[in-house]
Amino acid sequence: MIVPAGSKLSPMKPVLAPPEAIAVGELVLKRWDWEWLDATTAAVRDSLPELSPFLGWATDGYDREAAADYTQRSVDGWAAGEEFNYVILTADAEVAGSIGLMTRLGPGVLEIGYWTRTRFAGRGFMTAAVRALTDVALGLPGIERVAIRYDAANAASARVAAKAGFVEVERHRREPTAPAETEISVLSERRA
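Caption draft 1: Structural context of the pairing of strand β4 (residues 95–102). For β4, a buried count of eight out of eight residues is recorded, marking the element as mostly surrounded by other parts of the structure. If you look at the hairpin formed by strand β3 (residues 83–89) and β4, you'll find five residues sitting between the two strands, and A93 has a positive phi there, around 65 degrees. Bridge count for β4 against strand β5 (residues 109–116) is six bridges, and the pairing is antiparallel. What sits directly across from S98, in β5, is W115. Remark: six residues form the turn of the hairpin made by β4 and β5, two consecutive strands paired antiparallel; G106 in that turn has positive phi of roughly 105 degrees.

See below:
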């Protein structure tokens, strides 16, 4: 590269390029796409009793339009290098949940968010998906930490984080956004 005299190069942030598909035992994580719009709508609707206490977006009003909005944000977020969302599929191509990496915590760290479809809960699927996606994330250039945030009352998310090797590093107060949330958010992380 030729740089004009007197020019200063600003450091560029690393370009994140996670794989579009990740095999995880009997599961596969696939980059979010329009293909799963209807199946995801059904998966969320089936799981509202378990999702809605801790996820403000999981309401009785969740419909195909809400799923389409999420899909569009996922497609756009991947293209912008800011959010990398995956559908979690079983060997029979059923939607078992969703997982994603987000850049919102700043340089050097990716945050994982996830939800499990009720009928696939308790099988270790999400723990396996979190482990696999964490390993991928820690292999990306410039990533030193992977974080998971969850409400202090969300025992299921806390178990997944602990089983996947995450360690609690911080608690802070914030406004609840879902019915069962407390004012305490927990941050757990795994380092490279």
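Caption draft 2: Fine view of the pattern of salt bridges. All chains considered together, the criterion is met by 14 salt bridges. Residue R73 is joined to D69 by a salt bridge in which the shortest nitrogen-to-oxygen separation is 3.1 Å. Linking R73 with D69, this pair stays in helix α2 (residues 64–80), spanning four residues, or about one helical turn. D69 sits in the partly exposed class, given a relative accessible area of 42%. As a salt-bridge pair, E189 and R145 come within 2.8 Å of each other at their nearest N and O atoms. One end of the pair, E189, is in strand β8 (residues 184–191); the other, R145, is in strand β6 (residues 145–151), with 44 residues separating them in the sequence. For E189, a relative accessible area of 8% corresponds to the buried category. A network of salt bridges, in which partner residues are shared, links R104, E111 and R149.

What counts, and at which threshold
- Residues numbered from 1 in each chain as written.
- Predicted model: local features only at pLDDT ≥ 70, side-chain atom pairs only at ≥ 80, totals over all residues.
- Heavy atoms only, no water.
- Buried < 20%, exposed > 50% of the residue type's maximum accessible area, 1.4 Å probe, protein only.
- Helix = DSSP H or I, 4+ residues; strand = E, 2+ residues; numbered from the N terminus.
- Pairing = 2+ DSSP bridges.
- Salt bridge = Lys/Arg side-chain N within 4 Å of Asp/Glu carboxyl O.

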